[in-house]
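Report on the structure
The residues making up each chain are set out below.
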Amino acid sequence: MAETNPTLLEEILQLDAAGNLPGVMTAVTSRPFHLPEVLLVLQALLNRGRLRSGLVVAMLLTKNGFKHWTISLALAFGGLVYRREEEEALGMAQLQEQMDGLDVTQQDLVHQQVVSPLQELLVEQHLVDKTGESIPPVEHLNSSMARMVEIHLRNKAQSLESRPLNDEEWWRILAMCRAAHPLYRKLFDMQAPIPRYTLKNLQKAGRARADLLRYPLPDPSLPKQRRRVMIFIRDFYIPRRIKVGMERYGWDVLYHGTISWQMTEEDIREVLQQCRQQQTELLLLHFDQVVGVRHMKPIYEMLLVLRRELPHIKLVVTTCDIWGLRKDTLEGAPDPQINNFARQFIALFDAIWASDSPSLPTVKNDPLFAERILNLHVPHAGFDAAPDRPLRLPMLYIGSEVEKRLTRKFYLLACERYGLPVERKDHFFIPDKNLAPLELWVPEGSESLATYGQHMRRLQEATCCLHFSRGPEPRTLNHGIVTHRSFEVPMSGALLIQEYATDMSRYFIPGEHYLEFNSVAELAGIAQFIIKRPEEAEEIRRAGNAFAREHYSDEKIIGYLEQFLWPQGS
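All values reported here derive from a predicted model rather than from experimental measurement.

This part takes up the packing of helix 11 (residues 237–249) against helix 24 (residues 554–565). The contact between helix 11 and helix 24 brings their axes to 9 Å, and the two run at 85°. The angle between the axes of helix 11 and helix 24 places the two elements in the roughly perpendicular class. Between helix 11 and helix 24, the residues in contact are Gly245, Met246, Arg248 and Tyr249 and Asp554, Glu555, Ile558, Gly559, Leu561 and Glu562, respectively. Counted by class, the contact of helix 11 with helix 24 contains 4 nonpolar, 2 polar and 4 charged residues.

To continue, consider the packing of aromatic side chains. As enumerated under the stated definition, the model contains 23 aromatic pairs in all. Here Tyr411 and Phe468 contribute two aromatic rings whose centre-to-centre distance is 5.6 Å and whose plane-to-plane angle is 15°, an arrangement assigned as stacked. With Tyr411 in helix 18 (residues 406–418) and Phe468 in the loop between strand 9 (464–467) and helix 20 (484–492), this pair connects stretches of sequence that are 57 residues apart. Of the residues examined, Tyr411 reaches a relative accessible area of 0% and is grouped as buried. Ring centres of Phe508 and Tyr552 lie 5.4 Å apart, and the angle between their planes is 65°; on these two criteria the pair is classed as edge-to-face. Of the two residues, Phe508 is situated in the loop between helix 21 (504–507) and strand 11 (515–517) and Tyr552 in the loop between helix 23 (534–551) and helix 24; the sequence distance between them amounts to 44 residues. With a relative accessible area of 4%, Tyr552 lands in the buried category. Taken together, the ring pairs in this structure connect Tyr184, Phe188, Tyr397, Phe410, Tyr411, Phe468 and Phe517 into an aromatic cluster. The ring of Tyr249 carries Lys224 above its face, with NZ or CZ at 3.9 Å from the centroid.

The strand order across the open sheet built from 6 strands is 2-1-3-4-5-6, with neighbouring strands paired in parallel fashion. Of all strands in the sheet, those with a lone pairing partner are strand 2 (252–258) and strand 6 (373–375), marking the two edges. When strand polarity is set aside, the average angle formed by the axes of neighbouring strands in this sheet is 20°. With 3 bridges connecting them, strand 5 (residues 351–354) and strand 6 associate as parallel partners. In the strand pairing of strand 6, Ala354 is matched with Asn375. Strands strand 3 (282–286), strand 4 (314–319), strand 5 and strand 6 of the sheet are contacted by helix 24, whose axis makes an angle of about 160° with strand 5.

Now for the pairing of strand 1 (residues 228–234). In terms of burial, strand 1 is largely enclosed, as 6 of its 7 residues are buried. After leaving strand 1, the chain enters helix 11 and then returns to the sheet as strand 2, a path that is right-handed. Pairing analysis gives 4 bridges linking strand 1 to strand 3, with the strands arranged parallel. From the neighbouring strand, Phe232 faces strand 3, where its bridge partner is Leu285.

What follows concerns the nonpolar core. Leu61, Leu73, Phe410, Ile497, Leu515, Leu523 and Ile530 are the most contacted members of the largest nonpolar core, which has 86 residues in total. Sorting elements by how many residues they give to this core places helix 5 (residues 69–81) first, with 9 residues. Counting residues in each nonpolar core, the second largest holds 48 residues, with Met246, Cys465, Tyr514 and Leu565 among its members.

With that out of the way, let us pick up helix 6 (residues 85–100). A rise of 1.5 Å per residue sets the reference length of helix 6, with its 16 residues, at 22 Å; its end C-alpha atoms lie 23 Å apart and thus fit the reference within 8%. Taken as a whole, helix 6 carries its principal kink of about 30° at Gln94. Taken together, the buried positions of helix 6 are occupied by Glu87, Glu88, Gly91, Gln94, Leu95, Gln98 and Met99.

Right, let's get into the sheet that holds strand 10 (residues 495–499). Read from one edge of the open sheet, 5 strands run 8-7-9-10-11, paired in parallel fashion. Of all strands in the sheet, those bounded by a partner on one side alone are strand 8 (422–425) and strand 11. Geometrically, the sheet is characterised by an average inter-axis angle of 25° between neighbouring strands, direction not taken into account. Two strands pair when backbone bridges link them, and strand 7 (residues 395–398) and strand 9 are joined in this way by 2 bridges, in the parallel orientation.

We now examine the pattern of salt bridges. According to the stated counting rule, one finds 28 salt bridges in the structure shown. For Asp16, the salt bridge goes to Arg50, with nearest N and O atoms at 3.2 Å. One end of the pair, Asp16, is in helix 1 (residues 6–17); the other, Arg50, is in the loop between helix 3 (35–47) and helix 4 (51–63), with 34 residues separating them in the sequence. Note on Asp16: relative accessible area 7%, which makes it buried.

As a further point, take the confidence of the model for the protein. Per-residue confidence for the protein gives a mean pLDDT of 81; residues scoring 70 or more make up 78%. When mean pLDDT is compared element by element in the protein, helix 23 scores highest at 98, while helix 15 (residues 322–330) scores lowest at 49. Across residues 127–162, confidence stays below pLDDT 50; counting only partners more than four residues off in sequence or on other chains, it has 85 contacts. Taken as a whole, residues 326–338 scores under 50 in pLDDT and shows 31 contacts with residues more than four places along the chain or in a different chain.

If you trace the backbone, Lys67 turns up in the loop between helix 4 and helix 5. Separated by 27 residues in the primary sequence, Lys67 and Gln94 place their C-alpha atoms 8.5 Å from one another. Lys67 has contacts with Gln94 and Gln98, leaving out every residue within four places of it along the chain.

Contact geometry of helix 12 (residues 265–278) with helix 14 (residues 296–309) gives a least axis separation of 10 Å together with a crossing angle of 10°. By the angle between their axes, helix 12 is roughly parallel relative to helix 14. On the side of helix 12, the interface is formed by Glu265, Ile268, Val271, Leu272, Cys275 and Arg276, while helix 14 contributes Pro298, Ile299, Met302, Val305, Leu306 and Glu309. When its residues are assigned to classes, the contact of helix 12 with helix 14 shows 9 nonpolar, no polar and 3 charged.

It is worth spelling out the pairing of strand 10 at this point. Looking down a regular strand, the side chains alternate between one sheet face and the other. Summarising burial for strand 10: 5 of the 5 residues are buried, a large majority. Bridge count between strand 9 and strand 10: 4 bridges; the pairing is parallel. Along strand 10, the bridge assignment pairs Leu466 with Ile497. Relative to strand 11, strand 10 runs parallel, the two sharing 3 bridges. For Glu499, the partnering residue across the bridge sits in strand 11 and is Phe517.

So, about the state of the cysteines. For the structure shown, the criterion picks out 0 disulfides. Looking at the unpaired Cys464, the closest cysteine sulfur is the one in Cys465, lying at 6.8 Å. Using a relative accessible area of 2% as the deciding quantity, one classes Cys465 as buried.

The rules behind each value
- Residues numbered from 1 in each chain as written.
- Predicted model: local features only at pLDDT ≥ 70, side-chain atom pairs only at ≥ 80, totals over all residues.
- Heavy atoms only, no water.
- Axes fitted to C-alpha atoms, helices over the stretch in contact; angles between N-to-C directions.
- Helix = DSSP H or I, 4+ residues; strand = E, 2+ residues; numbered from the N terminus.
- Parallel < 35°, antiparallel > 145°, perpendicular 65-115°, else oblique.
- Contact = heavy atoms within 4.5 Å.
- Nonpolar A, V, L, I, M, F, W, Y, C, P; charged D, E, K, R; others polar.
- Phe/Tyr/Trp six-rings, centres within 6.5 Å; stacked < 30°, edge-to-face > 60°.
- Buried < 20%, exposed > 50% of the residue type's maximum accessible area, 1.4 Å probe, protein only.
- Lys NZ or Arg CZ within 6 Å of the ring centre and 35° of its normal.
- Pairing = 2+ DSSP bridges.
- Right-handed = clockwise from strand over helix to strand, strands pointing away.
- Core = buried A, V, L, I, M, F, W, Y, C linked by side-chain atoms within 4.5 Å.
- Expected span 1.5 Å × (residues − 1).
- Bend = angle between axes of the 7 residues up to and from the residue.
- Salt bridge = Lys/Arg side-chain N within 4 Å of Asp/Glu carboxyl O.
- pLDDT = per-residue confidence, 0-100.
- Disulfide = S-S within 2.5 Å.

Encoded structure:
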């Protein structure tokens, strides 16, 4: 979208930061009026979450008779946040018609650049006015805005205390999302008929979509190589799982776990010395630690030394969130020099071990990455199990309600309205004990692996687990992302009920190994299927568990990695 006039925007941002809303109005009304310019400024305010000044500008434009989707969004979101029911209703009344007047590409762009950031801000901050300032009246408008009328707002002005949003307000946010993008209307159509599922029609639809990803394994007739491995990653449960998986495979593993995401000069020197002494064949690093920070150069220099002193060493960087890889390297880091260096850095690695979605087009089509990405889950450290008790409801949901992804909250609200059997529990894995109750904090080091085992046992005991995709909203704009729970549930022996994600059909067959939904009506249909056809649901559960343990066991995962790095016969 086009650049706004920085003078007007910067002036409004400064005035808004100072709580000077009369000054905001003066800034708009004291210069020659150009509607396109003011609309771009309003959009920029929304992008920055400045709803208070955005609401003021939108009200000025509305009182003068102007209509535009940007104005409607500012009225609807600002009206909700500042309890201005009249403005909220006015924005909602015209928003859907205006958005439907855009083509699909424009709708997606508006959602990504304006609506989605506002949603995230609502989730993170509940967007409340903590200053106690009220939106002031406008006494008169100058001649350059002669068409505008007086606006009297003082009697309507209210300020808010910091508080969480209640369910009624969440439903109003959902109404805004439905108005702003037609995909939300499909996902959360509470009037849609509930489909009736059978094992036969589920399997037929799933097999038509299946596109299973397959990697070769080492020749089983040949003796295994006892590889020497160094893992240099922050000490938490995922590298611990990788270490155990490699050791179960027969490799010798040294693990240097840092206490934070920062890799110190001392850490780097120690790991370099250990690699020399061990004659390391494989060094595994974490993507966020080597590229997602600004102290990459010492690590880069360490890898150059290893390449020179150990010419046959394999360098692998693992990422548990490929969206970070795409953001930091392919779409541009904030500093272009950092971005260029990141790409140069990644070129040193033999493989990028990505534990989630393989089909992001920007990644897949980039020649730097195309042949290096190994789309493979990480080992479960032996915490897999067969079903040991009958399938039962409720569906267990573990995780945050929102985490910037509003469809989770909306689905859970809809489950309550439908009366669907869902039990919600908090995740064991809270990364910062200062941000969560102590009983939810996962300790670092070896204790984190034990806690992961408790997590897997909880999934097994539930027998039936609800899971959502991860990624920006709405799902069909980005295909969703396959996350660790998508593998953990079938590996634990439970039935996976998974929100649609394009890449799930690369790992499992929907309707045969797990149950998939792409709307609240489909989720209701799945609940009815489990209740009315428990034997067929049980068959899917057991097939999913058998397939996961056959293809994604620790032995197979490390075997895929070995063949990827050391292809036999090449």
